[in-house]
Amino acid sequence: MHRDSFRAPGQWLQQLRQVLDQMAAEGLSPAALMMDGLFSSDGVFSPPEAEIQQAVNWVRQAGGVYIADEVQSGFARTGDEFWGFSRYQVVPDMVTLGKPMGNGHPVAGLVARSGLLDLFGERQRYFNTFGGNPVSCCAAAAVLDVIETEQLQVNARIQGQHLGRQLHELAQRHEVMGDIRGAGLFFGVELVEDRDSLAPATELASCVVNGMREAGVLISATGPDANVLKIRPPLVFTAEHVELLSDTLDRVLTQLS
Ligand SMILES: Cc1ncc(COP(=O)(O)O)c(C=O)c1O
């Protein structure tokens with residue numbers, strides 16, 4: 001995607017169409033479209049369901065597969081669904097899993113339709129030094145158990161709604177807060193120079209991230225201009241933690257703006 005793909009509605013889709021047309025004109029077909037359903041590193045976006053479906057249809061028509069990258073959006077993060085791709089009502093051909101899968105332990109996985117992998121197995125010699133090791137598999141299985149027994153998907157939904165309300169409330173008092181978007185316990189809060197121009201407040205975002213860190217709350221910044229606060233708390237977040245986060249953000253923004 002281009003740097004500004006999500007600035008205007010549907011722009012990313014137009015860019016995808018152009019790329020596919022250009023490839024077709026050169027006699028090329030795409031191997032795959034790989035999407036993080038929350039576009040976490042692009043500034044936290046959730047395009048409309050119909051746009052995601054259109055993109056996947058185009059890529060499949062051109063001969064490619066759809067790979068859902070669940071490294072950021074999977075494992076109950078979005079509250080309403082266990083997987084990020086489920087929010088768009090389209091079934092991927094492959095799914096990549098990582099980070100939250102082991103809750104800190106390094107483990108990753110790939111899920112695919114067998115028809116796709118059979119060919120790979122027939123044509124390719126594949127080995128992997130640590131693949132399938134029992135310790136990592138135990139860690140990953142324990143994570144699934146904890147998500148289920150502690151009802152962390154429900155928690156992501158409830159505390160996500162709580163945090164969303166707090167962020168919108170803060171935005172009434174802090175003009176630097178522009179768009180607030182996200183799903184479940186994953187928010188992107190755009191910081192802007194002013195709400196008319198929406199010019200990115202990149203330096204402020206960096207100061208806010210560091211100010212929060214000094215106050216003991218870890219967040220990050222994302223997007224092409226690094227002006228979108230990326231707020232992705234642990235799924236075990238409680239109402240008390242939500243208050244702590246929003247009070248600290250309030251204090252840091254007041255000090256800096
Ligand atoms: C959406 C997404 N996919 C993949 C990765 C890469 O994951 P890893 O560092 O486990 O290879 C990241 C890293 O943060 C990511 O954000």
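Up top you'll find the structure we're talking about.
Our subject in this report is the structure included herewith.

Calculation criteria
Residues numbered from 1 in each chain as written. Predicted model: local features only at pLDDT ≥ 70, side-chain atom pairs only at ≥ 80, totals over all residues. Heavy atoms only, no water. Phe/Tyr/Trp six-rings, centres within 6.5 Å; stacked < 30°, edge-to-face > 60°. Helix = DSSP H or I, 4+ residues; strand = E, 2+ residues; numbered from the N terminus. Buried < 20%, exposed > 50% of the residue type's maximum accessible area, 1.4 Å probe, protein only. Lys NZ or Arg CZ within 6 Å of the ring centre and 35° of its normal. Polar contact = N/O pair within 3.5 Å; in protein donor to acceptor, adjacent residues only side chain to side chain. Contact = heavy atoms within 4.5 Å. Pairing = 2+ DSSP bridges. Near = heavy atom within 4 Å. Areas by Shrake-Rupley, 256 points an atom, 1.4 Å probe, with all protein chains shown as cover. Nonpolar A, V, L, I, M, F, W, Y, C, P; charged D, E, K, R; others polar. Axes fitted to C-alpha atoms, helices over the stretch in contact; angles between N-to-C directions. Parallel < 35°, antiparallel > 145°, perpendicular 65-115°, else oblique. Left-handed = near helix turned anticlockwise from the far one by under 90°.

Looking at the packing of aromatic side chains
- The full count for this structure, using the stated rule, is five aromatic pairs.
- Seen from their ring centres, W12 and F39 are 5.8 Å apart, and the 55 degrees between their planes marks the pair as tilted. Note that W12 is positioned in helix α1 (residues 11–25) and F39 in the loop between β1 (32–36) and α2 (49–61), a separation of 27 residues in sequence.
- On the basis of relative accessibility, which here comes to 6%, the residue F39 falls in the buried class.
- Here F82 and W83 contribute two aromatic rings whose centre-to-centre distance is 4.9 Å and whose plane-to-plane angle is 80 degrees, an arrangement assigned as edge-to-face.
- By relative accessible area, F82 is classed as partly exposed at 23%.
- Following the ring pairs from residue to residue traces out a cluster consisting of F75, F82 and W83.
- One residue, R17, lies across the ring of W58, its end atom 4.8 Å from the ring centre.
- Above the plane of the ring of F45 lies R181, whose end atom (NZ or CZ) is 4.1 Å from the centre.

As for the side chain of D250
- Locating D250 in the fold gives a position in helix α7 (residues 239–256).
- Only 2.6 Å separates the side chain of D250 from the side chain of H174, close enough to count as a polar contact.
- For D250, the residues in contact, after removing those within four places along its chain, are L170, R173 and H174.

Comments concerning the pairing of strand β3 (residues 94–97)
- Neither face of β3 is exposed, since M94 and T96 on one face and V95 and L97 on the opposite face are all buried.
- Alignment of strand β2 (residues 65–69) against β3, held across three bridges, turns out to be parallel. Following the sheet pairing, I67 is matched in β3 by M94.
- Note: β3 against strand β4 (residues 109–112), four bridges, orientation antiparallel. Across the sheet, residue T96 finds its bridge partner in β4, namely L110.

Details of the site of the ligand
- As a structural note, the neighbourhood of the ligand is formed by D36, D69, V71, Q72 and K99.
- Here D69 contributes a side-chain N or O atom positioned 2.6 Å from a nitrogen atom of the ligand.
- With respect to the ligand, the side chain of K99 contributes an N or O atom lying 2.6 Å from an oxygen atom.
- Taking 390 Å² as the accessible area of the ligand by itself, protein coverage stands at 48%.
- Counted by class, the shell around the ligand contains one nonpolar, one polar and three charged residues.

Digging into the sheet that holds β2
- Here we have four strands laid out as an open sheet, ordered β1-β2-β3-β4, and mixed in their pairing. Only two strands of the sheet have a single neighbouring strand rather than two, namely β1 and β4. Across the sheet, the mean angle from the axis of one strand to that of its neighbour is 20 degrees, orientation sign disregarded.
- The strands that α2 touches are β1 and β2; relative to β1, the one it contacts most, it runs at about 160 degrees.

Re the packing of helix α6 (residues 202–214) against α7
- Between α6 and α7, whose axes approach to 10 Å, the crossing angle comes to 130 degrees. By the angle class used here, α6 and α7 are oblique. By crossing handedness, the relation of α6 to α7 is classed as right-handed. Touching L204, C207, V208, G211 and M212 of α6 are L245, T248, L249, V252, L253 and L256, all from α7.
- A per-class count over the contact of α6 with α7 returns nine nonpolar, two polar and no charged.

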